[in-house]
Amino acid sequence: MDGMDIMPGVWDPSFIGESQHETALNVVSGEDNSSTRCRLERIRRDIRMWKEKNNVDGHITVIWSASVERPSEAEYKSADELLEAIYDDANTDDISPSILYAAASALEGCSFVNGGSQNTLSAAMTSLFEQSYRQPDAPSTSALSKFAPYSSCPAYCLGTDFKAGQTKFKTAAVEYLRALGLSPRVIASSNHLGNNDMLNLTQKKTLDAKMRVKSDIFGPWQEDDLDHKVSVMYTPYIGDEKRDYVEYTSFGFLSSPHTMVTYTRCMDSILCVPLMVDAAIWCDYFVNHKVSPTDAARATAYLFKVPEGGAKGVDPGFFYQMQELEKVMQKASGKEDDVIAMGLSKGIISEEQANALRALSTM
């Protein structure tokens, strides 16, 4: 990647930790940074320029992998409200850079993946990505018309916060404990490392965003008796090699306590790269197979700590999430109603039995 041109980024120093300000040198400035609308249009131009320069004729996915932002306090009920706020140069709403990148992606017909912990995704943002909203014949009274020309191509908005390493294992471990008939009661997790990502989290405003997703990974289970605690520590000496310790305490037979401990070491910065590749490939595949936004979100829930948008409420268990992906893949390939294929994939019948049934159906 050393030979790649890195485009200046849109940023707002109030959204990231003070530790990041000194090194934020390759940033958009001047007129392009004078308002939220100007920042949005700069991102849109960068997307179009990159697409033209690289002769891209397929689907583009924009992935947010920058420093975690503090939560945005801006709330909008609809895509129109969101676009009106961005367009108004006098507006002082708390609109984060990640919201601008997501909105610009939608207007250019690109999918957007929120790999960070901040609250970029919302009902208004999801509506903006709906193809039915970005129709070419939008009325002149619509906020969308102010951003013409825009793309009406299908695109997805996915997130939030890539689930890799110890968090992915944590959900699988709890799934294992539940499968044994145990009832998890306390999950106490701590991790420490010394890379720039963790340095950014030494500020409470950005740490709050990270803790929101780390603490809510079991949210869809709605288990009030499950006490899940997470702590993170910045330790410069450790560098990028994250260390993670988790203690799982569960109730067994006659409420007898059962405790299991896991210890994980891994290179933090490289963990999410395969997930970025997955996200881009899936978005391209799903667009070409006309997969709905809700199905695309549910199929990719395994990529994120807190699946949001159309994936909200998907079971956090890794194996359940794999089943969601399998279901969408079968639907996209036209095999959803093929009972023989379903029986074969689930091991109910053998290949020989499947062939015999196929032969029988043609008689």
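Notes on the structure follow. (Residues numbered from 1 in each chain as written. Predicted model: local features only at pLDDT ≥ 70, side-chain atom pairs only at ≥ 80, totals over all residues. Heavy atoms only, no water.)

We now examine the pattern of salt bridges. Inspection of every chain in the model, using the stated rule, returns 22 salt bridges. With a closest N to O distance of 2.8 Å, aspartate 32 and arginine 42 form a salt bridge. Placement of aspartate 32 in the segment before α1 (36-53) and of arginine 42 in helix α1 is noted, with a sequence separation of 10 residues between them. What makes arginine 42 buried here is its relative accessible area of 16%. (Salt bridge = Lys/Arg side-chain N within 4 Å of Asp/Glu carboxyl O. Helix = DSSP H or I, 4+ residues; strand = E, 2+ residues; numbered from the N terminus. Buried < 20%, exposed > 50% of the residue type's maximum accessible area, 1.4 Å probe, protein only.)

What follows is about the environment of serine 19. Its place among the elements puts serine 19 in the segment before α1. Residues serine 19 and glutamine 203 lie 184 residues apart in sequence; the distance between their C-alpha atoms is 8.4 Å. With residues up to four places along the chain from it excluded, the contact list for serine 19 reads Leu199 and Asn200. Engagement of the side chain of serine 19 in a polar contact is seen with the side chain of glutamine 20, the distance being 3.0 Å. (Contact = heavy atoms within 4.5 Å. Polar contact = N/O pair within 3.5 Å; in protein donor to acceptor, adjacent residues only side chain to side chain.)

Attention now moves to the sheet that holds strand β2 (residues 111-114). Pairing in this open sheet of 3 strands is parallel, and the strands run β1-β2-β3 from one edge to the other. One side of each edge strand has no neighbouring strand; the edge strands of this open sheet are β1 (61-64) and β3 (157-159). Strand after strand, the sheet turns through a mean of 15° between neighbouring axes, direction not considered. In the sheet, β2 pairs with β3 via 3 bridges, with the strands oriented parallel. Across the sheet, phenylalanine 112 pairs through a bridge with cysteine 157, a residue of β3. Against the sheet, helix α3 (residues 97-107) engages β1 and β2, with an angle of about 155° to β2. Seen against the sheet, helix α9 (residues 273-288) touches β1, β2 and β3 and runs at an angle of roughly 150° to β1. (Pairing = 2+ DSSP bridges. Axes fitted to C-alpha atoms, helices over the stretch in contact; angles between N-to-C directions.)

Further remarks concern the packing of α1 against α3. At their nearest, the axes of α1 and α3 sit 9 Å apart, and the two run at 55° to each other. Classified by the angle their axes make, α1 and α3 are oblique. The two elements α1 and α3 cross, and the hand of that crossing is right-handed. Contacts between α1 and α3 involve Thr36, Arg39, Leu40, Ile43, Arg44 and Ile47 from the former and Leu100, Tyr101, Ala103, Ala104, Ser105 and Leu107 from the latter. (Parallel < 35°, antiparallel > 145°, perpendicular 65-115°, else oblique. Left-handed = near helix turned anticlockwise from the far one by under 90°.)

We now examine helix α5 (residues 165-179). An α-helical turn contains 3.6 residues, so any two residues separated by three or four positions project in the same direction. With 15 residues, α5 extends 21 Å between its outermost C-alpha atoms, agreeing within 8% with the 21 Å of an ideal straight helix rising 1.5 Å per residue. The complete set of buried residues in α5 reads Gln166, Thr167, Lys168, Lys170, Thr171, Ala172, Ala173, Val174, Glu175 and Leu177. Where α5 is buried, its residues meet β4 (183-193), α7 (204-215), β5 (227-234), β6 (241-251), β7 (257-267) and α11 (318-332). Glycine 181 sits one or two positions beyond α5 and adopts a positive phi of about 95°. (Expected span 1.5 Å × (residues − 1).)

With that settled, the discussion passes to empty space enclosed by the protein. In total, this model carries 1 cavity of 30 Å³ or more according to the counting rule given. As a volume, the largest cavity reaches approximately 40 Å³. Along the walls of the largest cavity sit Val10, Trp11, Asp12, Arg39, Ile95, Pro97 and Leu100, which together make up its complete lining. Of the residues that constitute the lining of the largest cavity, the class distribution is 5 nonpolar, no polar and 2 charged. (1 Å grid on protein atoms, 1.4 Å probe; cavity = no way out; pocket = protein on both sides within 12 Å on 5 of 7 lines; lining within 4 Å. Points joined across faces, edges and corners; volume = space filled by probe spheres on them. Nonpolar A, V, L, I, M, F, W, Y, C, P; charged D, E, K, R; others polar.)

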